[in-house]
Amino acid sequence: MLVLLILHLVAALLAPPLVGRWGPRACYPLALAPAATFGWAVAHTGTVRAGGAVVETYPWIADLRLDVALRVTTLSWLMLLLVGGVGALVLVYSARYFHAGSAGLARFAAVMVAFAGAMLGLVVSDDLLLLYVFWELTTVFSYLLIGHSTERRSSRLAATQSLIVTTLGGLAMLVGFLLLGHHAGGYRWSVITAAPPSGGGHLVAAVLLILAGALAKSAVFPFSSWLPVAMAAPTPVSAYLHAAAMVKAGVFLVALLAPALAPAGPWRPVTVVAGLVTLVLGGWAALRQTDLKLLLAYGTVSQLGLLTVVLGAGTPQAALAGITMLLAHALFKAALFLVVGILDHSAGSRDLRDLSGVWRGAPVLAGVAALAAASMAGLPPLLGFVAKEAVLAAFPGRPVVLALLVAGSALTVAYSIRFVWGAFAARPGVPATDIERPPAVLLGPPALLAVAGLAAGLAAGRLGGLLRPYAELLGPVEESLALWHGPTVALGLSAAAIAGGVGLHLVRGPLAPALARLRAPVGGNQGYEWVTHQFDRFAIKVTGTTQRGALPQYLGTMLLVLVLVPGAAMLASRPWRTSVVAWDTPAQVVVCVVIAGAAVLAVGARRRLTAMLLVGVTGYGTAMMFVLYGSPDLALTQFLVETATIAVFVLVLRRLPDRFSARPLRSSRWVRRGIGVAVGLVLAGLALVAAGARRAPSISLDFPDLAFAEGHGRNVVNVTLVDIRAWDTMGEISVLVVAATGVASLIYERSRTGPRPRRLQPAQERRTVWLRGGATLQEHRRSIVFEVVTRLIFHTVVIFSLFLLVSGHNAPGGGFAGGLVASLALAVRYLAGGRYELAEAVPVGAGTVLGAGLALSVGSGVVGLLTTGTVLQSVKVSLWLPLVGHFHLVTSLFFDIGVYLVVIGLVLDVLRSLGAEVDRHVEAAGEPSQGLAVEREAERR
């Protein structure tokens, strides 16, 4: 199963280049990925028939007890057949549905295969958290597929609506999973079902939240509005996502959880009521549609309601009927959607008011549509009839439920006839529709699906034997599937439904005014728009009330909450230690006095530059405390960070007034001072509490031995960053990349690569030029001494940064410290020579440096996975080189190089945005000067 997931991933990655080379024909080889899923499921039919399970487990995140646990039983086996088989046929169909040069075809092919892989992962996941990961992947991929036609507003709105509804449902479901897993003692579903959780408030809450996610995914009331709107997607997407795959995820989850959770209090009322309402309202809405695709969409909504009722009933007979209907619905609905796509392509319309006599021009297509529609209507000997009779037989003694099921079935028959009659019949007064004969590649997939529905109906007994193990999870099955059970009550109800549907179709003329008038006072789409509008209004009111643009107000509010909540709790419980060592050496007292004095003076400073320098003193004082405590790595990093921060502050202060606000703040001054003192006391108390709260030995006590044995280094701090806690570092550098991108997006109006290095004139080349960019600066900004010193020390500082990088594994340093040193060298060069000099120093874009660093760090993790089986595990390699001899290389060095590049890229982005780009804006807004004229001449050249 894991191999199948990897196969889909590889196929999705290969899709764009394949489409670029072969066009739509690339869908043929891409169809092999879902076809492999289908073949794998067929190969394991024997295991499923015997009621067994195919299990694969791979360790993943041990601390969370989360494994890649994959398990296939009867239900997931059936879903694999649908996901793989229908997916392969839809991709084959897409090879002729799309034309060469179709916009977004490469994206469509890649996302379609990726979606098939996500559905594969969803249905085979045995861990609820892993299932949620794939669940959300299907949401994202469906969003991309529904919004395929990005130039159309309707597609974008439909994709957004589906994303919002299904994502909110998914988040509710995640909370339900967490509640369920926490009280069950784990998230492995096979373990939970072996000992189903007992009742209680937590179980009720978990069931309701999980059902909210399932109903939202399957467009069941009250979440039905997104599915009809999603018909803005291309027809192959509708045939796969909205007939066989995505919308089946919700009912699949209901079927998966029913054996364990059906006895829970709210389960049956919610599934039965929501399903019956959806069944009837969806069927009634389908009768009112003139667009064939919308007719099928509302029919899908209706039958998803039917599936929810049956699969949620929690009885053996209902389970067998529901899983049969699940198969039948996927076969006939996918076939009918593909038929609509052929009509749209060949006849140029899918509006039944414009179509007439199509069966004469495309008799085979009409036959395929009639066969699939007959299964949808529940006519013998098709699988739809077998499933519907089983459904009606599964609710004995429940007259209200049976009456609504028969009513919904009658509506299904009526819109099935309406579909075939509207699409293919000759209509009086409407000119005959010219239609091109569809090619075999387009006609083959729906024909195979329709014929499969017929074959499965004829082989109902054997099919029942395959599906029976799922139903037996809920108890003994009294009656299996069969095409003929004799004159039973279910058969009579089925005949009544067929007669009722035929009658509804025959009175369609007189019924038309009633259909037009009888509708819900508020449509589902209107309800969605009203809810989102109210959320928007609420957000505006909250933002207008709380976000008034006053930074001191925001900061004061956050600090007050810090003082009142944890501070009050700390005073109430008094958990701190009674004995405290004030200092270890008198030097610490001196440093603390300096830090406190600088902080007090910074509060009273009137000039921004003065305040910034005083704050810098507090940072350098903190670094000195690290030195006194024997932490050279922390001290070095703190010194470098403080220096880089001061440089950034200097860049920002150029665009701010010299002095702080001169507003009269005397009345609030003491309030602000009081808040500051209170925050200081609370943080000091929290530090004492944290220091005395440990009850177990610190895990860091093992770090020195781990650093040497597994990380192959003696510098515990650096080895911790690049090996022991490398996942943390990976997250931190990812945040740095995001921060750099955010800074650039706020500042830049053009390329982030900076100005091109200026080419000097021959006369200038003959002269001694200390910095090539110096000539572009205005005369009053140039300093020859600064340029000379920069020229002399720049390369030395860069070499020193490389020394810190490579020596950090065994001595103070590392990628972070080395990157900061190199960044400071770039900052000095920018300050001495301006933005053109910065471009001379680094003639590549900051984004390139950031991307290369992140890719290198991630790549080193992959190397560890391939060599040791553990991501980011360091490997020691012994090498020998002439003149050097034997030496050892640790693979975590490459991770550290990635960190080094990310830090440089971040600072480079800051220098080019807050520095070079702001310079350009300032100079463009002022009067042209000699220096600016030189710079503009350089830009022109």
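Scroll up to find the structure this text is about.
Below: a short report on this structure.

Structural notes on empty space enclosed by the protein
Under the criterion given, the structure shown has 3 cavities of 30 Å³ or more. Approximately 70 Å³ is the volume attributed to the largest cavity. As for the largest cavity, its lining consists of Ala-644, Ala-647, Val-648, Leu-651, Ser-823, Leu-824, Ala-827, Val-907, Val-910 and Leu-911. Here the lining of the largest cavity takes 4 residues from helix H29 (residues 632-653), the largest share from any one element.

A short note on the side chain of Ser-218
For Ser-218, the position within the fold is in the loop between helix H10 (201-217) and helix H11 (226-229). Once residues within four sequence positions are removed from consideration, Ser-218 is found in contact with Val-247, Lys-248, Ala-249, Gly-250, Val-251 and Leu-304.

Quick notes on a nonpolar patch on the surface
Judged by side-chain polarity, Trp-770, Val-785, Val-789, Leu-792 and Ile-793 come together as a nonpolar surface patch covering roughly 460 Å² of accessible area. Among the structural elements, Val-789 can be located in helix H35 (residues 784-807).

Thoughts on the packing of helix H27 (residues 586-604) against helix H28 (residues 608-628)
Viewed as axis vectors pointing N to C, H27 and H28 meet at an angle of 165°, and their least axial separation amounts to 8 Å. The angle between H27 and H28 places the two elements in the roughly antiparallel class. For the crossing formed where H27 meets H28, the hand is left-handed. In this structure, H27 uses Ala-587, Gln-588, Val-591, Cys-592, Val-594, Ile-595, Ala-598, Ala-599, Leu-601 and Ala-602 to contact H28, whose residues at the interface are Ala-611, Leu-614, Val-615, Val-617, Thr-618, Gly-621, Thr-622, Met-624, Met-625 and Leu-628. Residue composition of the contact of H27 with H28, by class: 16 nonpolar, 4 polar and no charged.

Re unusual backbone geometry
In this structure, Pro-222 follows Phe-221 across a cis peptide bond, with omega equal to 10°. Topologically, Pro-222 is positioned in the loop between H10 and H11. Cis rather than trans, the peptide bond between Pro-380 and Pro-381 has omega equal to 5°. By secondary structure assignment, the location of Pro-381 is in the loop between helix H18 (363-377) and helix H19 (383-393). With a phi close to 55°, Ala-219 is a non-glycine residue in the positive phi region. Topologically, Ala-219 is positioned in the loop between H10 and H11. Here Ala-219 falls in the buried class, since its relative accessible area comes to 0%. The phi torsion at His-712 lies on the positive side, around 60°, for a residue other than glycine. If you trace the backbone, His-712 turns up in the loop between helix H31 (703-709) and helix H32 (716-724). With relative accessibility at 24%, the residue His-712 sits in the partly exposed group.

Here's the deal with the side chain of Ser-892
Position of Ser-892 among the secondary structure elements: in helix H38 (residues 892-925). You can call Ser-892 buried: its relative accessible area is 4%. Within the structure, Ser-892 has its side chain in polar contact with the side chain of Ser-874 (distance 3.5 Å). Those residues in contact with Ser-892 that lie beyond four places of it in its chain are Val-722, His-809 and Ser-874.

A short note on the packing of aromatic side chains
All told, the structure shown has 6 aromatic pairs when counted by the stated rule. Relative to Phe-98, the ring of Tyr-97 lies with its centre 5.2 Å away and its plane at 85°, an arrangement referred to as edge-to-face. Per residue, the accessibility class of Tyr-97 equals that of Phe-98, and both read buried. Relative to Tyr-240, the ring of Phe-115 has its centre 5.8 Å away and its plane inclined at 75°; by these criteria the two rings are edge-to-face. Of the two residues, Phe-115 sits in helix H6 (residues 105-124) while Tyr-240 sits in helix H12 (residues 235-241), which places them 125 residues apart along the sequence. Under the relative-accessibility criterion, Phe-115 is labelled buried at 0%. Classification of Tyr-240 as buried rests on a relative accessible area of 1%. The structure contains a cluster of three or more aromatic residues connected by ring pairs, namely Tyr-93, Tyr-97, Phe-98 and Phe-108.

Examining the pattern of salt bridges
Under the counting rule described, the total for this entry stands at 8 salt bridges. In this structure, Arg-350 engages Asp-344 in a salt bridge whose closest nitrogen and oxygen atoms are separated by 3.1 Å. Residue Asp-728 is joined to Arg-725 by a salt bridge in which the shortest nitrogen-to-oxygen separation is 2.6 Å. Connected through shared salt-bridge partners, Asp-291, Asp-344 and Arg-350 make up one network.

Observations concerning the environment of Val-918
Considering the arrangement of structural elements, one finds Val-918 in helix H38. Separated by 263 residues in the primary sequence, Val-918 and Arg-655 have C-alpha atoms spaced 8.4 Å apart. Sequence-distant contacts of Val-918, that is, excluding residues within four places in its chain, are made with Arg-654, Arg-655 and Ser-913.

Regarding helix H23 (residues 489-506)
Think of an α-helix as turning once every 3.6 residues; residues three or four places apart then point the same way. Compared with an ideal rise of 1.5 Å per residue, which puts 18 residues at 26 Å, H23 spans 26 Å between its outermost C-alpha atoms and is within 8% of the ideal. Among the residues of H23, Ala-490, Leu-491, Ser-494, Ala-497, Gly-501 and His-505 are the ones counted as buried. The buried side chains of H23 occupy one side of the element, clustering within an arc of 120° when seen end-on. Facing away from the buried side of H23 by more than 90 degrees, the exposed set consists of Val-489 and Leu-506.

Considering the environment of Trp-77
Along the chain, Trp-77 falls in helix H5 (residues 74-97). Residues Trp-77 and Arg-353, 276 residues apart in the sequence, show an inter-C-alpha distance of 41 Å. Setting aside anything within four residues of it in sequence, one finds Trp-77 in contact with Ala-41, Val-42, His-44, Thr-45, Val-48, Val-72, Leu-466 and Leu-467. A polar contact is formed between the side chain of Trp-77 and the backbone oxygen of Ala-41, at a distance of 2.8 Å.

Topic: the nonpolar core
Tyr-240 and Leu-253 are the most contacted members of the largest nonpolar core, which has 194 residues in total. The biggest single contributor to this core is helix H16 (residues 316-347), with 22 residues. Here Tyr-240 is in contact with Leu-82, Val-83, Val-86, Gly-87, Val-90, Met-112, Phe-115, Ala-116, Ala-245 and Met-246, once residues within four sequence places are set aside. Counting 20 residues, the second largest nonpolar core, distinct from the first, contains Val-722, Ala-726, Ala-740 and Leu-850.

Remarks on the environment of Gly-85
By the element assignment, Gly-85 lies in helix H5. Between the C-alpha atom of Gly-85 and that of Pro-34, which follows or precedes it by 51 residues, the distance is 6.7 Å. Discounting chain neighbours no more than four positions away, the residues touching Gly-85 are Pro-34, Phe-38 and Leu-80.

Scoring rules and cut-offs
- Residues numbered from 1 in each chain as written.
- Predicted model: local features only at pLDDT ≥ 70, side-chain atom pairs only at ≥ 80, totals over all residues.
- Heavy atoms only, no water.
- 1 Å grid on protein atoms, 1.4 Å probe; cavity = no way out; pocket = protein on both sides within 12 Å on 5 of 7 lines; lining within 4 Å.
- Points joined across faces, edges and corners; volume = space filled by probe spheres on them.
- Helix = DSSP H or I, 4+ residues; strand = E, 2+ residues; numbered from the N terminus.
- Contact = heavy atoms within 4.5 Å.
- Patch = residues over 30% accessible without salt bridge, like charges linked within 9 Å, V, L, I, M, F, W, Y side chains within 5 Å.
- Areas by Shrake-Rupley, 256 points an atom, 1.4 Å probe, with all protein chains shown as cover.
- Salt bridge = Lys/Arg side-chain N within 4 Å of Asp/Glu carboxyl O.
- Axes fitted to C-alpha atoms, helices over the stretch in contact; angles between N-to-C directions.
- Parallel < 35°, antiparallel > 145°, perpendicular 65-115°, else oblique.
- Left-handed = near helix turned anticlockwise from the far one by under 90°.
- Nonpolar A, V, L, I, M, F, W, Y, C, P; charged D, E, K, R; others polar.
- Buried < 20%, exposed > 50% of the residue type's maximum accessible area, 1.4 Å probe, protein only.
- Polar contact = N/O pair within 3.5 Å; in protein donor to acceptor, adjacent residues only side chain to side chain.
- Phe/Tyr/Trp six-rings, centres within 6.5 Å; stacked < 30°, edge-to-face > 60°.
- Expected span 1.5 Å × (residues − 1).
- Arc of directions from axis to C-beta.
- Core = buried A, V, L, I, M, F, W, Y, C linked by side-chain atoms within 4.5 Å.

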